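Per-entry structural report
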Amino acid sequence: MTQVEEYRVFCKVEKDIPIFSKDWYLDSVCGEDNWNVSLVKKGGKIVASLPYYIKKKFIFTISVLPIHVQTLGIYIKYPKGQKYEKRLSYEKEIITILIEQLPKVDYFEQSFHYSFRNWLPLYWKGYKQTTLYTYIIEDISNIDKVINNFSNGKRRDIKKAENIVEVKFDLGAEEFYLHHKKSLEKQNKKIAYTFESFNTLYQNSYLHNAGKTIYAIDNDGNIHGAIFFIWDNQSGYYLTNSVEPDFRSSGSMALLVKNILEFLSTKTKKFDFEGSMIEPVEKSYRQFGTTQQAYFNISKIDSKLLKVLI
């Protein structure tokens, strides 16, 4: 078997691999033939992985995150009862083996899942790190407690929206895409992804029972906002949203988040808002009673020409 084929088997048995690194998700966002993976085995079994996506940009070959992917990075299975000193040594060995398998590219950049804490072996190999932040609700099992931790402003938004809109699930892929496209056009912005790419991810997420759309609609048929969210065994993720500018003040987005958390409370453990480093967005996410969580963006430039240009 190829390493990708071995990894597909690994994804089926290793339930805690984050959704962005699962084989079917990579197929959806990269295309089946456009991603690969570094693997480490111990005793004939996979103990670590590093999936990656490669594409051409101008004259350069680059490995970056595909659209609709928050993080990829290194996943490690640790021996049970491993002491801290042994863990650091184990990580150095594993990480070195993984990155030495990476193909030579002009530029590499990935954000790693926030559970990955030791990037020192990457530093020793010439990689750089930038700290990013996301916002997490650590435990969504008790919804009343979760909602109680919302700011007063978010709770007011929810009460306001409940008198204006009805919340529904399963907005079609085309309807979601067109709503997002038109709402951005009203703000003189362009949508960053194609319908074809979104539809593939939408269909596969529904097929794997790992994604859903939710939307708020008023009595006149106006969609105030919509969110496409996904989940795995460990966490739900706020993947992308669409907000109608004319109804931004209706409070609908807070109501949608509340309903997402209620839906996911029996399916997973946490909820990840996926950022943001944008100040007004950060403020909004913080008001949902979240915990700030740092994660690493890892990069390396190997092209002399690209170093000059950058």
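Model, not experiment: these values are computed from the prediction.

On to the overall build of the protein chain. Looking only at helices and strands, the protein chain features eleven helices and twelve strands. A compact globule built from 310 residues should have a C-alpha radius of gyration of about 19 Å, and the protein chain, at 21 Å, falls within 12% of that. For the protein chain, the spread of C-alpha atoms along the principal axes amounts to about 60 × 50 × 35 Å. When the 310 residues of the protein chain are sorted by exposure, 51% land in the buried category. Considering only residue pairs separated by 6 or more positions, the protein chain has 71% of its internal contacts joining residues 24 or more positions apart. Of the roughly 15900 Å² that the protein chain leaves accessible, carbon and sulfur atoms contribute 49%. Between the mean site of the 43 positive side-chain charges and the mean site of the 36 negative ones, the protein chain shows a separation of 6 Å.

Before going further, it helps to examine helix α9 (residues 252-264). Under the 1.5 Å per step criterion, the end-to-end length of α9 is 18 Å for 13 residues, consistent within 8% with the ideal 18 Å. Within α9, eleven of the 13 residues are buried, which leaves the element mostly enclosed by the surrounding structure.

The residue K154 is located in helix α6 (residues 152-162) in this model. Beyond its immediate chain neighbours, meaning those up to four positions away, K154 contacts A254, S284, Q287 and F288.

Take the packing of aromatic side chains next. Scanning all chains against the criterion turns up 28 aromatic pairs. Between the aromatic rings of F108 and Y127, the centroid separation amounts to 5.7 Å while the plane-to-plane angle is 85 degrees, which identifies the pairing as edge-to-face. Of this pair, F108 sits in strand β5 (residues 107-111) while Y127 sits in the loop between α4 (120-123) and β6 (128-137), and the two are 19 residues apart along the sequence. Judged by relative accessible area, which is 6%, F108 ranks as buried. Here the aromatic cluster, defined as three or more aromatic residues joined through ring pairs, consists of F176, Y177, Y193, F195, F198, Y202, Y206 and F228. The lysine or arginine in question, R87, covers the ring of Y78, its NZ or CZ lying 3.7 Å from the ring centre.

With that out of the way, let us pick up the pattern of salt bridges. Throughout the structure, instances matching the rule amount to 14 salt bridges. The residue K77 makes a salt bridge to E14 at a minimum N-O spacing of 3.3 Å. With a gap of 63 residues between them, K77 in the loop between β4 (75-76) and α3 (84-100) and E14 in the loop between α1 (3-13) and α2 (23-30) connect regions that are remote in the sequence. Residue D246 is joined to K186 by a salt bridge in which the shortest nitrogen-to-oxygen separation is 3.4 Å. Here the residue D246 occupies a position in the loop between β10 (235-243) and α9, and K186 occupies one in the loop between α7 (173-185) and α8 (195-207), the gap between them amounting to 60 residues. With a relative accessible area of 49%, K186 lands in the partly exposed category. Here the salt bridges do not stand alone but share partners, grouping R8, D23 and D27 into one network.

A separate point is the pairing of strand β8 (residues 211-218). Of all eight residues in β8, eight are buried; the element is thus mostly enclosed. The side-chain alternation of β8 yields two buried faces, one formed by G211, T213, Y215 and I217 and the other by K212, I214, A216 and D218. Summarising the sheet, strand β7 (residues 165-169) and β8 pair through five bridges and their orientation is antiparallel. When the sheet's bridge partners are listed, E166 is paired in β8 with I217.

A word on unusual backbone geometry. A positive phi angle, near 70 degrees, is found at D170, a position not held by glycine. Relative to the helices and strands, D170 is located in the loop between β7 and α7. Note on D170: relative accessible area 39%, which makes it partly exposed. For N209, which is not a glycine, the phi torsion comes out positive at approximately 50 degrees. Looking at where N209 falls in the secondary structure, it is placed in the loop between α8 and β8. With a relative accessible area of 51%, N209 lands in the exposed category.

How each quantity is defined
- Residues numbered from 1 in each chain as written.
- Predicted model: local features only at pLDDT ≥ 70, side-chain atom pairs only at ≥ 80, totals over all residues.
- Heavy atoms only, no water.
- Helix = DSSP H or I, 4+ residues; strand = E, 2+ residues; numbered from the N terminus.
- Rg over C-alpha atoms; globule rule 2.2 N^0.38 Å.
- Buried < 20%, exposed > 50% of the residue type's maximum accessible area, 1.4 Å probe, protein only.
- Contact = heavy atoms within 4.5 Å.
- Areas by Shrake-Rupley, 256 points an atom, 1.4 Å probe, with all protein chains shown as cover.
- Lys, Arg positive; Asp, Glu negative; His and termini not counted.
- Charge placed at Lys NZ, Arg CZ, Asp CG, Glu CD.
- Expected span 1.5 Å × (residues − 1).
- Phe/Tyr/Trp six-rings, centres within 6.5 Å; stacked < 30°, edge-to-face > 60°.
- Lys NZ or Arg CZ within 6 Å of the ring centre and 35° of its normal.
- Salt bridge = Lys/Arg side-chain N within 4 Å of Asp/Glu carboxyl O.
- Pairing = 2+ DSSP bridges.

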